[in-house]
Amino acid sequence: MKIFSSSQIKQWDIATINELGISSLELMENAAIACVSWLKARFQKEEHFYIFCGGGNNGGDGLAITRLLLEAGFPAQAFLLPNPPLSIDTTQNVERLKTAFPETIFVVDEHLDINRIPPKAILIDAIFGTGLNRPLDGLTQKVVAQINSLPNKKIAIDIPSGLFTDKLQGSNDTCFFADCTLSFQSYKRSFFFHEAAKYTGIIHILDIGLSEEFCLKNETSFFALDKNIVSSKYRPRKPFSHKGTFGTAVIVGGSYGKIGAIILSAKAALRAGAGKVFVQAPDCGYSAVQTSVPEAMFMNVGENIVDSIELMNGVVMGIGPGLGMELPSRIALESFLKNNICSVVIDADGLNIISKNKEKLLPFIPKGSIITPHPKEFERLFGSTKDSIERSELAMAKAKEYSIYIVLKGHHTAICTPTGECYFNLNGNAGMATPGSGDVLTGIITGLLAQSYAPKDAALLGVYLHGLSGDIAAKKKSQESLIAGDIIKFLGKAFLKIATK
């Protein structure tokens, strides 16, 4: 799914109008019909709807929704905010509503008593849409703040009022707090960031019939990573394959007290399908690794810490889980980076070591490599940013600068490519915020690379499988009790899901 900017969304509407030979008013009606169909499927006719409408086209959507709800037998009232001035289509929808259902539309002023709204009424926000480019102020800000104070169920149309499409709102700006958002045709980029996501609630994408041709032909740097993309990347196994067909993954890391990290990564690489897995770890982890992961082969590279990293031909290496920050391990990684030319996966302490001497070491990361930082690790590598959307933009810039793939971990993990693309993952859950979850991701991606998946495909497939397996685990065990090992346990079911068309 492509993610378009505010200006592109406007062009998308125009292209649809021209392609289908319909008016903008008819397109507005299509959007309203999609919303009302969604509402009718979820609410009973005794539910009362209060729709707050602005003067722009989002308000026109709200007025049309009011009329269609009334036609369907639902009690509904529209409350019109006079700023900004009414658009042509919104004016026509005002007249349609007045003609069909007199006395169901009210103009909001300073005297509106929000507290008189029944607590079980459904409140719908159709004040501002994707064209908003400034914070809410005046009467609109006051009304939205008052609505937010109510306990009622709240629904936003297309985007909560106060949110922007392509940037984040200020920390003191007022935005509509929605329980769910009915977004037209696609996600908006701001939805993927925690500063905005707290306002959207659960996002439902509604098909309002926008032009497929426009979507196919127009370029964007932003995408939602969904099953369609991942299933197209997945390669089923051929019957006469053997373990050599699926490559060799080498997981490097572990230290005294942190052997569990390397065990999780090794298990994940195996479950991701690597033909063979080696573990380069200190001798203190020998018994634990051989007992916990008997399928893996152990290589001793130190006593209690990694003090050397062995270069190996024809393998894919994942470096960092449990590595530690001791000086011998730092020297070992620096030496490896200076002598290795093959793409690698680097995570955790591997990234932390690089951040200690980033000006010198970042250029030594081989092109096509994949790094998987969480926000703090990213900050140590590339510097701080004012908000999470700026952080993702910096990640995109750094991926291009160093010709690497940056997997910026978070609720909607962002995969940034050397060609300037950014994919936001749609699955995963808060239960995956648990020790070792990142080590599992490192193992999965390394295991996929070992099977000759291209770096971009390995990153996209790995992130999606990781999140999907976590979702399956959460359904089985709950988010609270989910541990990293559960993500590995359910990888098989995740593969089965993406293999199903």
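Please refer to the structure higher up on the page.
Residues numbered from 1 in each chain as written. Predicted model: local features only at pLDDT ≥ 70, side-chain atom pairs only at ≥ 80, totals over all residues. Heavy atoms only, no water.

**Considerations on the packing of aromatic side chains**
Logical step 1: Evaluated as defined, the whole model comprises 18 aromatic pairs.
Logical step 2: Geometrically, the ring pair formed by Phe 192 and Phe 424 is stacked, given 4.5 Å between the ring centres and 5° between the ring planes. You can see Phe 192 sitting in the loop between strand S7 (180–184) and helix H6 (194–200) and its partner Phe 424 sitting in strand S18 (residues 422–425), a full 232 residues away along the chain. Grouping residues by exposure puts Phe 192 and Phe 424 together as buried.
Logical step 3: Aromatic pair Phe 222 and Phe 424: ring centres 6.4 Å apart, planes at 20°, arrangement stacked. Note that Phe 222 is positioned in strand S9 (residues 222–225) and Phe 424 in strand S18, a separation of 202 residues in sequence.
Logical step 4: Classification of Phe 222 as buried rests on a relative accessible area of 15%.
Logical step 5: Put simply, the rings of Tyr 187, Phe 192, Phe 193, Phe 222 and Phe 424 pair up and form one aromatic cluster.
Logical step 6: Across from the ring centre of Phe 222, 4.2 Å away, lies the NZ or CZ of Arg 189, which sits over that ring.
Logical step 7: Here the guanidinium or amino end of Arg 235 rests over the ring plane of Tyr 453, the centre of that ring lying 4.0 Å away. (Phe/Tyr/Trp six-rings, centres within 6.5 Å; stacked < 30°, edge-to-face > 60°. Helix = DSSP H or I, 4+ residues; strand = E, 2+ residues; numbered from the N terminus. Buried < 20%, exposed > 50% of the residue type's maximum accessible area, 1.4 Å probe, protein only. Lys NZ or Arg CZ within 6 Å of the ring centre and 35° of its normal.)

**Structural notes on helix H4 (residues 88–100)**
Logical step 1: The terminal C-alpha atoms of H4 lie 19 Å apart, and with 13 residues this matches the ideal 18 Å at 1.5 Å per residue to within 8%.
Logical step 2: When H4 is considered as a whole, its buried residues turn out to be Asp 89, Thr 90, Asn 93, Val 94 and Leu 97. The buried side chains of H4 occupy one side of the element, clustering within an arc of 145° when seen end-on. Pointing more than 90 degrees away from the buried face of H4 are the exposed residues Ile 88 and Thr 99. (Expected span 1.5 Å × (residues − 1). Arc of directions from axis to C-beta.)

**Focus on unusual backbone geometry**
Logical step 1: Positive phi, normally seen in glycine, also occurs at Glu 103, with a value near 65°.
Logical step 2: By secondary structure assignment, the location of Glu 103 is in the loop between H4 and strand S4 (105–107).
Logical step 3: For Glu 103, a relative accessible area of 73% corresponds to the exposed category.
Logical step 4: Phi at Gln 185 is positive, roughly 70°, even though this residue is not glycine.
Logical step 5: In this structure, Gln 185 sits in the loop between S7 and H6.

**Quick word on a positive patch on the surface**
Logical step 1: A grouping of Lys 227, Lys 475, Lys 476, Lys 477, Lys 489, Lys 493, Lys 497 and Lys 501 is seen on the molecular surface, where their side chains present a positively charged patch.
Logical step 2: Looking at the positive patch, the elements that each hand over two or more residues are helix H17 (455–477) and helix H19 (491–499).
Logical step 3: Looking at the positive patch element by element, the count peaks at three residues for H17.
Logical step 4: Position of Lys 227 among the secondary structure elements: in helix H8 (residues 227–233). (Patch = residues over 30% accessible without salt bridge, like charges linked within 9 Å, V, L, I, M, F, W, Y side chains within 5 Å. Areas by Shrake-Rupley, 256 points an atom, 1.4 Å probe, with all protein chains shown as cover. Salt bridge = Lys/Arg side-chain N within 4 Å of Asp/Glu carboxyl O. Lys, Arg positive; Asp, Glu negative; His and termini not counted. Charge placed at Lys NZ, Arg CZ, Asp CG, Glu CD.)

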